Amino acid sequence: MAALRSLLVSAAVSETHPEVDARRMAEEARDRVRFEEEVLELADQAYRVARRLAPTQEEAEDLVQETFARAFRSWRQYQPGTNLRAWLFRILTNLNIDRGRKVQRTPDIQPMEEGDYYLYNRLEESGAAEDEDRVVERLSQDSIVEALAAVPHDFRDVVVLVDIGDFSYADAAQILDIPIGTVMSRLHRGRRNLKQALAEAAVTEAS
Amino acid sequence: MDPCDKCEDLLQPFLDRELTDAEREEAETHLDACGYCRKRYKFEESLRRYVVSACREPMPAELKAKLAALRTPL
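The model shown is predicted, which means the values in this text are computed figures rather than measured ones.

Quick notes on the rules
- Residues numbered from 1 in each chain as written.
- Chains lettered and ligands numbered in written order.
- Predicted model: local features only at pLDDT ≥ 70, side-chain atom pairs only at ≥ 80, totals over all residues.
- Heavy atoms only, no water.
- Phe/Tyr/Trp six-rings, centres within 6.5 Å; stacked < 30°, edge-to-face > 60°.
- Buried < 20%, exposed > 50% of the residue type's maximum accessible area, 1.4 Å probe, protein only.
- Lys NZ or Arg CZ within 6 Å of the ring centre and 35° of its normal.
- Axes fitted to C-alpha atoms, helices over the stretch in contact; angles between N-to-C directions.
- Helix = DSSP H or I, 4+ residues; strand = E, 2+ residues; numbered from the N terminus.
- Parallel < 35°, antiparallel > 145°, perpendicular 65-115°, else oblique.
- Left-handed = near helix turned anticlockwise from the far one by under 90°.
- Contact = heavy atoms within 4.5 Å.
- Nonpolar A, V, L, I, M, F, W, Y, C, P; charged D, E, K, R; others polar.
- 1 Å grid on protein atoms, 1.4 Å probe; cavity = no way out; pocket = protein on both sides within 12 Å on 5 of 7 lines; lining within 4 Å.
- Points joined across faces, edges and corners; volume = space filled by probe spheres on them.

Evaluated as defined, the whole model comprises nine aromatic pairs over all chains. Here tyrosine 78 of chain A and tryptophan 87 of chain A contribute two aromatic rings whose centre-to-centre distance is 5.5 Å and whose plane-to-plane angle is 65 degrees, an arrangement assigned as edge-to-face. A relative accessible area of 11% means that tyrosine 78 of chain A is categorised as buried. Residue classification places tryptophan 87 of chain A among the buried positions, given a relative accessible area of 18%. Counting every residue linked through ring pairs, the aromatic cluster contains Phe35, Trp75, Tyr78 and Trp87 of chain A. Above the plane of the ring of phenylalanine 167 of chain A lies arginine 85 of chain A, whose end atom (NZ or CZ) is 3.9 Å from the centre. The side chain of arginine 40 of chain B reaches across the aromatic face of tyrosine 36 of chain B, ending 3.6 Å from its centre.

A word on the packing of helix H2 (residues 21-33) of chain B against helix H3 (residues 35-54) of chain B. Residues and elements named next belong to chain B. Between H2 and H3, the shortest axis-to-axis distance is 6 Å and the interhelical angle comes to 115 degrees. Taken together, the axis directions place H2 and H3 in an arrangement best described as roughly perpendicular. For the pair H2 and H3, the crossing hand works out as left-handed. Along its contact with H2, which presents Ala27, His30, Leu31, Asp32 and Ala33, the element H3 presents Gly35, Cys37, Arg38 and Tyr41. For the contact of H2 with H3, the residue count by class is five nonpolar, two polar and two charged.

Here the focus is the packing of helix H2 (residues 18-40) of chain A against helix H5 (residues 84-98) of chain A. For any two helices packed against each other, one specifies the crossing angle of their axes together with the interaxial distance. Residue and element names in this part refer to chain A. Axis separation between H2 and H5 bottoms out at 10 Å; the angle between their running directions is 70 degrees. Classified by the angle between their axes, H2 and H5 sit roughly perpendicular to one another. Note on element contacts: H5 touches H2 through Leu84, Trp87 and Leu88, opposite Phe35, Glu38 and Val39. For the contact of H2 with H5, the class distribution of residues is five nonpolar, no polar and one charged.

A full pass over the atoms with the stated rule returns two cavities of 30 Å³ or more. Taken as a whole, the largest cavity holds about 90 Å³ of empty space. Considering the residues around the largest cavity, the lining is formed by Asp163, Arg191, Leu194 and Lys195 of chain A together with Gln12, Glu44, Leu47, Arg48 and Val51 of chain B. Those elements that provide at least two residues to the lining of the largest cavity are helix H10 (180-206) of chain A together with H3 of chain B. The element contributing the most residues to the lining of the largest cavity is H3 of chain B, with four residues. Of the residues assigned to the lining of the largest cavity, the class counts are three nonpolar, one polar and five charged.

This is the structure:
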């Protein structure tokens, strides 16, 4: 009886303010539309990153679709005013990991002899006295895509987020849920892997 | 430590704009005086742009339409 009474009372309360409920619903619908529009504006960026993380174009497309479906479903979990891009890319990278990408052996942690000037030095050696500004063009765009695909996953995630996604170290740390120091060391290794592969490709192409 | 080696170590965080003011000043002072390092910094900068442009791939129109269709119907 008490339960019934409280039910009647609460029904009466909400019935006395139907316009408040209607206004709240309209506001929510408007917020949702705006949220979905903002997320959709990030589609090109999401696709570019997904293409470098997923092994094939088809898988990249699936990954982007899953990401957006999940983002739209969980829009209430997004806190307005926080970094929407980081929020969306966190969904994307988590889904990519959940998709069961092939387990890789932890990459060798041998010390890498070559420093950051290595690739330039190699290119300079292989083609003396050329226009300085065009040294980079001796690398083909295909070789860059291939070299990036060969970088081990954990390192590549960071390189792709920072270099292609244009995220800060702090954002990448938040997205991948790893400490910022780990972002820096993986980025460092990943970029060196990339440059080593590019150096090898350039030498092979030249010979 | 050799100043060029030090400058080489600062290259990545320099371009990522993640150096402290003091570190950045140190790198800039060295770069002003050292053509060897300057060339390599310039190369790294253009390499980054080149990597970004190699990865600039338009999203298929069908995929874009599929994403738009995932929106909540009004």
